[in-house]
Amino acid sequence: MNIGSLVIKKEDNVYHFCNDKGNDIHNNSLFPILLQSFQLEHDSILYCANSIQTLDTFIESNSFTITNASFLLSTLYEQFAFFFENNISISFIDLTDIIVVDNNLFFFCNCDKLYFIKDNKITITHFYDLDNPFLPPEFITNDIMPFSTNYKSFFYSLGIIILHCLKQGHSFRFSKFSHTDVLDYYKHHLIHFSLLECINQDPDKRKLFIF
């Protein structure tokens, strides 16, 4: 199966991670960092997983709960911290960029969206779909390529993705509601403050924290 920029091959309950664009210089240089961010025992193998799927597939077959949202935030937070320690950040995130392992571990897995940080900014060189619902607002208003943005820009995508998943988990209640309505529904939960900081309209002021 293909998830993000990875090819994942399964033999029994052992999963092997490979890069799907081995001839691309950008991907070749960052693929090892991506694998290291999973903190696996071996560089290209995830042992004894019962299931691996994309986040969009997961929310189609499971009721995404506030507990799932907390797991997603905590596991991705550790992975992002690893990226930052290596002076790397992400452009933006889509549902198909996140793998779900055994229903409770979540990892970003797209080399194409990894960029080196310079002066707290990343320079985006890959074109993207302006109709993507998880784009940060500064990506939508941008009309030049390449362009630079704050390295925390992708926090917005993460916040909107979590709100989208929570909305899907309450499809009847939230079917006609906006992401803002979903955020307000959880205003008495600690995750409300995390998501509120992620979706700040100003990328320089976005923050990511777990509770």
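These figures come from a predicted structure and were not determined experimentally.

A. Layout of the nonpolar core. Residues Phe-17, Leu-55, Phe-80 and Phe-83 are the most contacted members of the largest nonpolar core, which totals 58 residues. Considering each element in turn, this core owes the most residues, 9 residues, to helix H5 (residues 155–169). Other than its neighbours up to four places away in sequence, Leu-55 contacts Phe-64, Leu-72, Leu-95, Ile-98, Val-100, Phe-106, Ile-161 and Cys-165. Within the second largest apolar cluster, 9 residues are counted, among which are Phe-92, Ile-117, Ile-124 and Phe-147.

B. Fine view of the packing of aromatic side chains. All told, the structure shown has 15 aromatic pairs when counted by the stated rule. Ring geometry for Phe-92 against Phe-139: centres 5.8 Å apart, planes inclined by 70°, an arrangement best described as edge-to-face. Of the two residues, Phe-92 sits in the loop between strand S6 (88–90) and strand S7 (98–101) while Phe-139 sits in helix H4 (residues 137–141), which places them 47 residues apart along the sequence. A relative accessible area of 0% means that Phe-139 is categorised as buried. The interplanar angle of 85° and the centroid separation of 5.1 Å between the aromatic rings of Phe-139 and Phe-147 together place this pair among those described as edge-to-face. A connected cluster of aromatic rings, assembled from ring pairs, spans Phe-80, Phe-84, Tyr-151, Phe-154 and Phe-155. One cation-aromatic arrangement involves Lys-113 over Phe-92; the distance from NZ or CZ to the ring centre is 3.9 Å.

C. Highlighting helix H3 (residues 66–85). Between its first and last C-alpha atoms H3 spans 28 Å; for 20 residues at 1.5 Å apiece the expected length is 28 Å, and the two agree. The set of residues buried in H3 consists of Asn-68, Ala-69, Leu-72, Leu-73, Thr-75, Leu-76, Gln-79, Phe-80, Phe-82 and Phe-83.

D. Molecular detail of the side chain of Asp-94. Along the chain, Asp-94 turns up in the loop between S6 and S7. One buried charged residue, Asp-94, remains without a salt bridge, the closest side chain of opposite sign being Lys-113 at 5.0 Å. Separated by 2.8 Å, the side chains of Asp-94 and Asn-132 make a polar contact. Contacts of Asp-94, omitting those with residues within four sequence positions, involve Lys-113, Asn-132, Phe-134 and Ile-161.

E. The packing of H5 against helix H8 (residues 190–198), seen in detail. Axis separation between H5 and H8 bottoms out at 7 Å; the angle between their running directions is 135°. Here H5 lies oblique to H8, going by the angle between them. Considering only the axes of H5 and H8, their crossing is left-handed. Contacts between H5 and H8 involve Phe-155, Tyr-156, Gly-159, Ile-162 and Leu-163 from the former and Ile-191, Leu-195 and Cys-198 from the latter.

F. Up close: unusual backbone geometry. A cis amide bond links Met-145 to the next residue, Pro-146, at an omega of -5°. By the secondary structure assignment, Pro-146 is in the loop between H4 and strand S11 (147–150). Of note, the phi angle at Asn-103 is positive, near 70°, even though the residue is not glycine. Mapping Asn-103 onto the fold places it in the loop between S7 and strand S8 (105–108). Take Asn-103: its relative accessible area is 34%, and that puts it in the partly exposed class. Of note in the backbone geometry, Asn-120 takes a positive phi value of approximately 65° without being a glycine.

Reading the values: the criteria
- Residues numbered from 1 in each chain as written.
- Predicted model: local features only at pLDDT ≥ 70, side-chain atom pairs only at ≥ 80, totals over all residues.
- Heavy atoms only, no water.
- Core = buried A, V, L, I, M, F, W, Y, C linked by side-chain atoms within 4.5 Å.
- Buried < 20%, exposed > 50% of the residue type's maximum accessible area, 1.4 Å probe, protein only.
- Helix = DSSP H or I, 4+ residues; strand = E, 2+ residues; numbered from the N terminus.
- Contact = heavy atoms within 4.5 Å.
- Phe/Tyr/Trp six-rings, centres within 6.5 Å; stacked < 30°, edge-to-face > 60°.
- Lys NZ or Arg CZ within 6 Å of the ring centre and 35° of its normal.
- Expected span 1.5 Å × (residues − 1).
- Lys, Arg positive; Asp, Glu negative; His and termini not counted.
- Salt bridge = Lys/Arg side-chain N within 4 Å of Asp/Glu carboxyl O.
- Polar contact = N/O pair within 3.5 Å; in protein donor to acceptor, adjacent residues only side chain to side chain.
- Axes fitted to C-alpha atoms, helices over the stretch in contact; angles between N-to-C directions.
- Parallel < 35°, antiparallel > 145°, perpendicular 65-115°, else oblique.
- Left-handed = near helix turned anticlockwise from the far one by under 90°.

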